[in-house]
Amino acid sequence: GESLSVLDVLKPAALLSSLAAFKFWDASTWTPLEYLSWCSVILIGLEILAWLVSNVPKLFSPIILPKRGSHLDVLTGKDIAFICWNKFTTTVFTYHALRFCWYSKTVKWGLDEL
């Protein structure tokens, strides 16, 4: 049969990337489901990262750093409101940071540009 080149294999990825970039360009065109999906993906990613940060070091080092500061055993409504607000603004910040990196001329993506 005919052999595929690396470029042939990457064409679907390039197409998907260009479609994602087109959709990523302007969040004002998103549907409510796309907003919900974006926030869900970001928050799930952050929860996975938080789990990794607290559990993976235990595999490599038996030393556990002591926790400082006072621990809240019960969260008030104000505490929960601040946590929710910070999670929401993190998703908005992530969108803007990634959008800037994607479209900025100063952010280099290729290895040959480093």
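Here, every reference points to the structure presented above.
The paragraphs below set out a description of the structure included in this document. (Residues numbered from 1 in each chain as written. Predicted model: local features only at pLDDT ≥ 70, side-chain atom pairs only at ≥ 80, totals over all residues. Heavy atoms only, no water.)

All right, on to the overall build of the protein then. Each helix and strand counted, the protein has three helices and zero strands in total. Starting at the N terminus, the α and β elements of the protein follow one another as α-α-α. Residues counted as buried form 10% of the 114 residues belonging to the protein. Restricting the contact set of the protein to residue pairs at least 6 apart, pairs at least 24 apart contribute 60%. For the protein, the exposed surface amounts to about 10200 Å²; the carbon and sulfur share of it is 73%. (Helix = DSSP H or I, 4+ residues; strand = E, 2+ residues; numbered from the N terminus. Buried < 20%, exposed > 50% of the residue type's maximum accessible area, 1.4 Å probe, protein only. Contact = heavy atoms within 4.5 Å. Areas by Shrake-Rupley, 256 points an atom, 1.4 Å probe, with all protein chains shown as cover.)

Where nonpolar side chains cluster on the molecular surface, the patch consists of Trp-25, Trp-102, Tyr-103 and Trp-109 and spans about 480 Å² of accessible area. Looking at the secondary structure, you find Trp-102 in helix 3 (residues 77-103). (Patch = residues over 30% accessible without salt bridge, like charges linked within 9 Å, V, L, I, M, F, W, Y side chains within 5 Å. Salt bridge = Lys/Arg side-chain N within 4 Å of Asp/Glu carboxyl O.)

Our next topic: the packing of helix 2 (residues 32-60) against helix 3. Running from N to C, helix 2 and helix 3 cross one another at 105 degrees; their axes reach a closest spacing of 10 Å. Taken together, the axis directions place helix 2 and helix 3 in an arrangement best described as roughly perpendicular. Contacts between helix 2 and helix 3 involve Trp-38, Cys-39, Ile-42, Leu-43, Leu-46 and Glu-47 on the former and, on the latter, Lys-87, Thr-90, Thr-91, Thr-94, Tyr-95 and Leu-98. A class-by-class count of the residues in the contact of helix 2 with helix 3 yields seven nonpolar, three polar and two charged. (Axes fitted to C-alpha atoms, helices over the stretch in contact; angles between N-to-C directions. Parallel < 35°, antiparallel > 145°, perpendicular 65-115°, else oblique. Nonpolar A, V, L, I, M, F, W, Y, C, P; charged D, E, K, R; others polar.)

The terminal C-alpha atoms of helix 3, which comprises 27 residues, lie 39 Å apart, in line with the 39 Å expected from a rise of 1.5 Å per residue. What helix 3 keeps buried is the set Thr-91, Thr-94 and Tyr-95. (Expected span 1.5 Å × (residues − 1).)

A ring pair, where both rings are aromatic, is described by two values, the distance of the centres and the angle of the planes. Enumeration according to the criterion identifies five aromatic pairs in this entry. Three or more aromatic residues joined by ring pairs make a cluster, and in this case those are Trp-30, Tyr-35, Trp-38 and Tyr-95. (Phe/Tyr/Trp six-rings, centres within 6.5 Å; stacked < 30°, edge-to-face > 60°.)

Bringing the pattern of salt bridges into the picture now. Inspection of the entire model under this criterion finds one salt bridge. Its salt-bridge partner being Glu-47, residue Lys-87 comes within 3.1 Å of it at the nearest N-O pair. Here Lys-87 is found in helix 3, whereas its partner Glu-47 is found in helix 2, with 40 residues between them in sequence. You can call Glu-47 partly exposed: its relative accessible area is 45%.

Tracing the backbone through its elements, the reader meets Thr-94 in helix 3. Judged by relative accessible area, Thr-94 falls into the buried class, the value being 18%. Within the structure, the side chain of Thr-94 is placed 2.7 Å from the backbone oxygen of Thr-90, a separation counted as a polar contact. (Polar contact = N/O pair within 3.5 Å; in protein donor to acceptor, adjacent residues only side chain to side chain.)

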